[in-house]
Amino acid sequence: MSAPLPLPFERPIFDLEKQLESLESQPNPTASTRESIRNIRTELTKLKRETYEQLDAWQIVQVARHDERPKALDYIELVFDEFVELHGDKSFGDDRAILTGFAKIGDRKVMLIAQQKGRNLKERLEHNYGMAHPEGYRKALGKMQMAAKYNLPIVCLIDTAGAYPGIEAEERGQAYQIALNLREMSKINTPIVCVVIGEGGSGGALGIGIGDHISMLRFAYYSVISPEGCAGILWKHAKFADKAALALKFTSSDLLKMGIVDEVIDEPLGGAHRNHRQMATFMTASLNSALKQLSEIPKDELINRRYDKFRKIGVFEETVQAAPLESEA
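Treat the numbers as computed from the prediction; the structure is a model and nothing was measured.

## Looking at the overall build of the chain
Thinking step 1. Of the regular secondary structure elements, the chain holds 14 helices and eight strands.
Thinking step 2. Taken along the three principal axes of its C-alpha coordinates, the chain extends 90 × 60 × 45 Å.
Thinking step 3. Within the chain, counting contacts between residues at least 6 apart in sequence, those at least 24 apart form 72% of the total.
Thinking step 4. For the chain, the accessible area works out to roughly 17100 Å², and carbon and sulfur atoms hold 53% of it.
Thinking step 5. Computing the positive centroid from 42 side-chain charges and the negative centroid from 46, the chain places the two 3 Å apart.

Put into structure tokens, the structure is as follows:
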């Protein structure tokens, strides 16, 4: 993996890392040099921790979109075994923005549904930047129903800026298919675990996001709209994206407090883009724990719990309007 490019707020970290690299590359370092190396390592660890503990919402968006952040195919390689991809929606075609197939995590067989963005231009074009067409959601739903038939739990990895908004997607029923997925996923009688690994954008994320256990990585975000889209609507310009990000309350800590997600999976020091293998280890532990807990719940109870879970999201008040007096009528 190539060295990650620095985000604006990571510049001091990269400057220290360059100093450390320079010192460590010296042949036959002196005692003074070795002491400097130890001091810089300590300072570097402290700086990473302080920087990432104080990120604001817009900076978290930047981390979630980092080019070197692990994508679905990275997790397929590092977390899952024996992945056998299943293609097509039996109607139109094979949407490469969503990957589906049989996989194993440890000794447990699962059906994996994953949104793949791609890292370089070639991969992004192949996978349409992770923005699925209706056939992608139709493919995902078909494979989920197959999983239920064979009593396999489902794991969904969410990473998309949103469903594809092009004319051809609308012509083929984008909104209808996402709505259908929401309805049908609420009734699938097998455990569903959903993980937001990067961006969780709008209906594009929800189309594979109805589950019994919803988790997200610490520096991911999950939102009804992108911060740029929100800024364009409310402030008429995308330059206010940082202001919109703060207002949307879409970070992992915000959503955990509101009960929208069940778990926040921690990331390696400095973000998942700095250590894919350690991130995969954290992911594996979370998935194994969630799948084990859900496997112990009877199927009829599982569906009722899932329904209640989403019905409870949101807070509202109801008031009874007093009837007008005769003199006011």
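## Let's talk about the packing of aromatic side chains
Thinking step 1. Following the criterion strictly, the structure yields three aromatic pairs and no others.
Thinking step 2. When the centroid spacing of 5.9 Å and the interplanar angle of 70 degrees are considered together, the rings of F9 and Y52 count as edge-to-face. Here Y52 lies in helix α2 (residues 31-53) and F9 lies in the segment before α1 (11-24), a separation of 43 residues in the sequence.
Thinking step 3. Residue classification places F9 among the buried positions, given a relative accessible area of 14%.
Thinking step 4. On the basis of relative accessible area, Y52 is assigned to the buried category, the value being 4%.

## Some details on a nonpolar patch on the surface
Thinking step 1. Taken together, the side chains of L121, L125 and Y129 present a nonpolar region at the surface, about 320 Å² in accessible area.
Thinking step 2. If you trace the backbone, Y129 turns up in the loop between α5 (121-126) and α6 (134-149).
Thinking step 3. Among the residues examined, Y129 registers a relative accessible area of 38% and is labelled partly exposed.

## Brief notes about unusual backbone geometry
Thinking step 1. Phi angles above zero are rare outside glycine, and Y129 is one such case at about 60 degrees.
Thinking step 2. Positive phi is not limited to glycine here, since K236 has a value of about 65 degrees.
Thinking step 3. Structurally, K236 can be placed in the loop between α10 (227-234) and α11 (241-248).
Thinking step 4. Accessibility expressed as a relative area gives 67% for K236, which makes it exposed.

## A few points about the packing of α10 against α11
Thinking step 1. Remark: α10 packs on α11, axes separated minimally by 8 Å, with the N-to-C direction vectors making an angle of 105 degrees. Classified by the interaxial angle, the pair formed by α10 and α11 is roughly perpendicular. Across the interface between the two elements, P227, E228, C230 and A231 of α10 pack against A241, A244, A245 and L248 of α11.
Thinking step 2. Looking at the contact of α10 with α11 residue by residue, the class counts come to seven nonpolar, no polar and one charged.

## Considering the environment of E53
Thinking step 1. You can see E53 is positioned in helix α2.
Thinking step 2. Each C-alpha atom of the pair E53 and G118 lies 28 Å from the other, and the pair is 65 residues apart in sequence.

## Some remarks on α6
Thinking step 1. Between its terminal C-alpha atoms α6 stretches 23 Å, which fits the 22 Å expected from 16 residues at 1.5 Å a residue.
Thinking step 2. Those residues of α6 not exposed but buried are P134, E135, G136, Y137, K139, A140, L141, K143, M144, A147 and A148.

## Side note on the pattern of salt bridges
Thinking step 1. In this structure the tally under the stated criterion is 26 salt bridges.
Thinking step 2. The salt bridge involving R38 is made with E35; its shortest N-O contact spans 2.7 Å. Remark: E35 and R38 occur in helix α2; sequence separation between them is three residues, near one turn of the helix.
Thinking step 3. Classification of E35 as partly exposed rests on a relative accessible area of 36%.

## A closer look at the environment of S223
Thinking step 1. Within the secondary structure, S223 sits in strand β7 (residues 221-223).
Thinking step 2. For the pair S223 and I265, spaced 42 residues apart in the sequence, the C-alpha separation amounts to 17 Å.
Thinking step 3. In this structure S223 touches G200, G201, S202, L248 and F250, once residues within four positions along its chain are discounted.
Thinking step 4. From its side chain, S223 meets the backbone oxygen of I225 in a polar contact 2.6 Å long.

What counts, and where the lines are drawn
Starting afresh in each chain, residues are numbered from 1 along the sequence in its written order. The predicted origin of the model limits local features to residues at a pLDDT of at least 70 and limits the giving and counting of side-chain atom pairs to 80 or more, whereas totals for whole chains, interfaces and linings rest on all residues. Side-chain descriptors were evaluated using all non-hydrogen atoms of the structure, hydrogens and water having been removed beforehand. Every helix listed is a DSSP run of H or I at least four residues long, and every strand listed is a run of E at least two residues long, numbered separately from the N terminus. Residues count as neighbours in contact if any of their non-hydrogen atoms are within 4.5 Å of one another. Only the protein chains shown count as covering a residue, and every accessible area follows the Shrake-Rupley method with a 1.4 Å probe. The charged-residue count follows a simple rule in which Lys and Arg add positive charge and Asp and Glu add negative charge, with His and chain termini not counted at all. Think of each charge as sitting on NZ of Lys, CZ of Arg, CG of Asp or CD of Glu. The aromatic pairing rule takes the rings of Phe, Tyr and Trp, using the six-membered ring of Trp, and pairs them if the centres are within 6.5 Å, calling planes under 30 degrees apart stacked, those over 60 edge-to-face and the rest tilted. In this scheme, a residue with accessible area under 20% of its type's maximum is buried, one over 50% is exposed, and one in between is partly exposed, where area comes from a 1.4 Å probe on protein chains only. Note that patches include only residues with greater than 30% relative accessible area and no salt bridge, and the join distances are 9 Å for like charges and 5 Å for nonpolar side chains (Val, Leu, Ile, Met, Phe, Trp, Tyr). Here, a salt bridge means any side-chain nitrogen of Lys or Arg that lies within 4 Å of a carboxyl oxygen of Asp or Glu. Here an angle of 0 to 180 degrees is reported between the N-to-C directions of two axes, which are lines fitted to C-alpha atoms, with helices fitted over the stretch in contact. Here the angle decides the label: under 35 degrees means roughly parallel, over 145 means roughly antiparallel, 65 to 115 means roughly perpendicular, and every other value means oblique. Only Asp, Glu, Lys and Arg are considered charged, only Ala, Val, Leu, Ile, Met, Phe, Trp, Tyr, Cys and Pro nonpolar, and every remaining residue, Gly among them, polar. What a helix is expected to span follows from its residue count: subtract one and scale by 1.5 Å. For the purposes of these results, a polar contact is taken to be a pair of N or O atoms within 3.5 Å, where, inside protein, one atom must be able to donate a hydrogen and its partner to accept one; residues adjacent in sequence count only when each atom of the pair is a side-chain atom.

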